[in-house]
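# Notes for the structure review
The residues making up each chain are set out below.
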Amino acid sequence: MYSQGLIGAETETEETAEFLDAFQSRIDAEEKIEPNDPMPHAYRKTLIRMIGQHAHSEIVGMLPEGNWITRAPSLRRKVALLAKVQDEGGHGLYLYSAAETLGVSREQMTEELLSGTAKYSSIFNYPTPTWADIGAIGWLVDGAAIMNQVPLCRCSYGPYARAMIRVCKEESFHQRQGYELMKSLTEGNEDQKAMAQDALNRWWWPSLMMFGPSDTASQHSDQSMKWKIKRFTNDELRQKFVDATVPQAALIGLTMPDPDLTWNQGKNNGDGGYDFGEIDWDEFWRVVKGHGMMNKDRIKARKKAWDEGKWVRDAALAYAAKQNSKAA
Amino acid sequence: MAVTELKDTATDALTNTIIQIADDHLILGHRLSEWCGHAPMLEEDLSMPNMALDLIGQSRALYSYAATLENTGRTEDDFAYLRTDREYTNCLLVERPNTDFAHTMLKQFYFAAFMHPLWQGIAKGSNETLRGIAAKAEKEIGYHIRHAGEWIVRLGDGTEESAMRMQAAVEELHPYTGELFTVDESRQQCIEANVLTNIDPVKTVWDSTVHNLFEQAKLIIPEVPYPQTGGRQGQHTEGFGFLLAELQYMQRAYPGASW
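Residues numbered from 1 in each chain as written. Chains lettered and ligands numbered in written order. Predicted model: local features only at pLDDT ≥ 70, side-chain atom pairs only at ≥ 80, totals over all residues. Heavy atoms only, no water.

Residue and element names in this part refer to chain A. Inspection of every chain in the model, using the stated rule, returns 3 cavities of 30 Å³ or more. Space inside the largest cavity adds up to approximately 100 Å³. Surrounding the largest cavity, Glu65, Arg77, Ala80, Leu81, Lys84, Trp131, Ile134, Gly138, His174, Gln177, Gly178 and Leu181 form its lining. At the level of secondary structure, the elements contributing two or more residues to the lining of the largest cavity comprise helix H4 (75-100), helix H6 (132-152) and helix H7 (158-186). (1 Å grid on protein atoms, 1.4 Å probe; cavity = no way out; pocket = protein on both sides within 12 Å on 5 of 7 lines; lining within 4 Å. Points joined across faces, edges and corners; volume = space filled by probe spheres on them. Helix = DSSP H or I, 4+ residues; strand = E, 2+ residues; numbered from the N terminus.)

Right, let's talk about the interface of chain A and chain B for a bit. Each partner contributes residues to the interface: chain A has 45 residues there, and chain B has 47 residues. For Glu43 of chain B, the salt bridge identified is with Arg106 of chain A, shortest N-O distance 2.5 Å. Between chain A and chain B we count 16 residue pairs in polar contact (both at pLDDT 80 or more) in total. Class assignment of the residues belonging to the side of chain A that touches chain B gives a composition of 25 nonpolar, 10 polar and 10 charged. (Contact = heavy atoms within 4.5 Å. Salt bridge = Lys/Arg side-chain N within 4 Å of Asp/Glu carboxyl O. Polar contact = N/O pair within 3.5 Å; in protein donor to acceptor, adjacent residues only side chain to side chain. Nonpolar A, V, L, I, M, F, W, Y, C, P; charged D, E, K, R; others polar.)

What follows concerns unusual backbone geometry. Phi is positive for Asn269 of chain A, which is not a glycine, with a value near 55°. Within the secondary structure, Asn269 of chain A is located in the loop between strand S1 (262-264) and strand S2 (273-275). For Asn269 of chain A, a relative accessible area of 82% puts it in the exposed group. Positive phi, normally seen in glycine, also occurs at Thr99 of chain B, with a value near 60°. Residue position: Thr99 of chain B is located in the loop between helix H4 (92-95) and helix H5 (101-123). (Buried < 20%, exposed > 50% of the residue type's maximum accessible area, 1.4 Å probe, protein only.)

Put simply, the largest pocket is a space of about 550 Å³. In terms of lining residues, the largest pocket is bounded by 26 residues, among which Ala301, Lys304, Ala305 and Glu308 of chain A together with His38 of chain B are the most central. Those elements that provide at least two residues to the lining of the largest pocket are helix H3 (62-66), helix H12 (295-308) and helix H13 (310-327) of chain A. Tallied by class, the residues present in the lining of the largest pocket amount to 11 nonpolar, 7 polar and 8 charged.

Turning next to the environment of Leu130 of chain B. Residues and elements named next belong to chain B. Inspection of the secondary structure puts Leu130 in helix H6 (residues 128-156). Here the alpha-carbon distance between Leu130 and Arg83, two residues 47 residues apart in the chain, equals 23 Å. Not counting chain neighbours up to four residues away, the residues in contact with Leu130 comprise Leu14, Ile18, Leu62, Tyr65, Ile122 and Val195.

The next point concerns the environment of Tyr88 of chain B. All names here are of chain B. Secondary-structure assignment places Tyr88 in the loop between helix H3 (76-81) and H4. Sequence spacing of Tyr88 and Ala163 is 75 residues, and the spatial spacing of their C-alpha atoms is 34 Å. Among the polar contacts made by the side chain of Tyr88, one reaches the side chain of Gln248 at a distance of 2.9 Å.

Residues and elements named next belong to chain A. Evaluated as defined, the whole model comprises 33 salt bridges over all chains. One salt bridge connects Arg77 with Glu180, and the closest N-O pair in it is separated by 2.9 Å. Of this pair, Arg77 sits in helix H4 while Glu180 sits in helix H7, placing them 103 residues apart in sequence. Look at Glu180 and you get partly exposed, because its relative accessible area is 32%. Arg202 is the salt-bridge partner of Asp133, the closest N and O atoms lying 2.7 Å from each other. Taken together, the residues span a long stretch of sequence, with Asp133 in helix H6 and Arg202 in helix H8 (residues 190-209) at a distance of 69 residues. Arg202 sits in the partly exposed class, given a relative accessible area of 27%.

So, about the state of the cysteines. Residue and element names in this part refer to chain B. Under the criterion given, the structure shown has 0 disulfides over all chains. Of the cysteine sulfurs around Cys190, a residue in no disulfide, the closest is that of Cys91, at 17 Å. On the basis of relative accessibility, which here comes to 3%, the residue Cys190 falls in the buried class. (Disulfide = S-S within 2.5 Å.)

Before going further, it helps to examine the nonpolar core. Counting residues in hydrophobic clusters, the biggest one holds 174 residues, and the most contacted among them are Tyr43, Trp131, Tyr157 and Tyr160 of chain A together with Tyr110, Phe114 and Trp119 of chain B. The greatest single-element share of this core, amounting to 14 residues, is contributed by H5 of chain B. (Core = buried A, V, L, I, M, F, W, Y, C linked by side-chain atoms within 4.5 Å.)

Below you can see the structure in the form of structure tokens.
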């Protein structure tokens, strides 16, 4: 999903060729770039955009799952979901902190999210009408996120790479938990099986869209790959995800909603892989541009929390100021 | 009266008391979990679910123990999900709506300040299983007192608006605090069996915790001529039915399914 963070990124730089070459040599030598190191303006901007969008995705991503916390069907599931959503908030916090090392504040990023200038992953603009959606999100959405994020643990920007290590560990736990939830539904009664299949039908294609536009349509991948912000292209990661996930669905008796899905031994340099159907890119761009079913509701919910929380944040600042002036 | 009957009465009293405490924790944890994703700041989006997890975790330990004592095959989920409103015996305080952050923190503080000395008593009491639950819970609830308490001070002594909202929460919720200290026949039996301590010292500690904090937070403890009670007898406020409708939705819509 986080590759969508590169949509519209600025790649023009004004730095001298000498400066850019020296920077590139550090990247090529696999040195980590740290907050106080000189870096091209576009490198900084791209990372701010990418990490910011990743952070926003974690925060907005709390909403579709949070939708089921009060209705979770057992106490065990309730605490697991609550802990999971809390983890997503924690990821948001580390990521905002990582972005802050590049010279942007959390408040500034929040304002950009609420005003609609900053984006977040399009996947969270789909609704979670049933309990099985919680399983599907863990299994597919977190599964796709891991595919994207594991290579980010080697991202050239040090603070982002380090944040990703912890995030990936937690995401991989969520993915297993989501899959286990789906599996338990497929072992249940007919209603539960139908609920699981319906959730897969709705989440499969949007999960594939999380990897962003196809390589032929993605304008910024080349520069980001060169700077080792990204290590794989959108299509490479999407293919890995499909290849990993299709057998998982078969194992629990679910059918992928893609009649064109076929094994192709010639793919992946002869190791084989799945051919899959055409993604509905019109739908992708519609949702990215703010016209998915839940786009407006998501931002409205975030804005409500932010606006209604203002008096609390103001009070905390006022109290701290009083304490400081007493101490002075 | 035969010895077995005596034992059964004592077990019933213990079970009833455990369910009361479990219900308090489940319902307060549920209310707190409603905030997840909607808090005034990201740090609170982490802290409130943390406290909710503690509370729901404690309710699970207690329901499971009640199920063992009852020995009829009911599980923690049967207690949590498959009773009618009249069968829940949580106090009214914990079911009150979140309203705003001031109300939420105050509810949390009132309850934690009550549970802390109660757990301390249980931890030294005669029931081994409860001693184990209490040892963990006491530490967790100690954190809730600190966290909610710090917010109450910040809000009470923050801006004009926050002070006004904090005092309004006190006016609204204080009448529900008396019910925390009611002792029914089952609790009385537990006190006599040294499972629970006497309620008077618990009340003394609570009074002093609240008094000290309110002084720092510049809040006024109101007179309560008409305390609100009823939850311990299963008589709940109107919002409780909606809380249960959400909580129980899946179990009611798909009877007998396992999740």
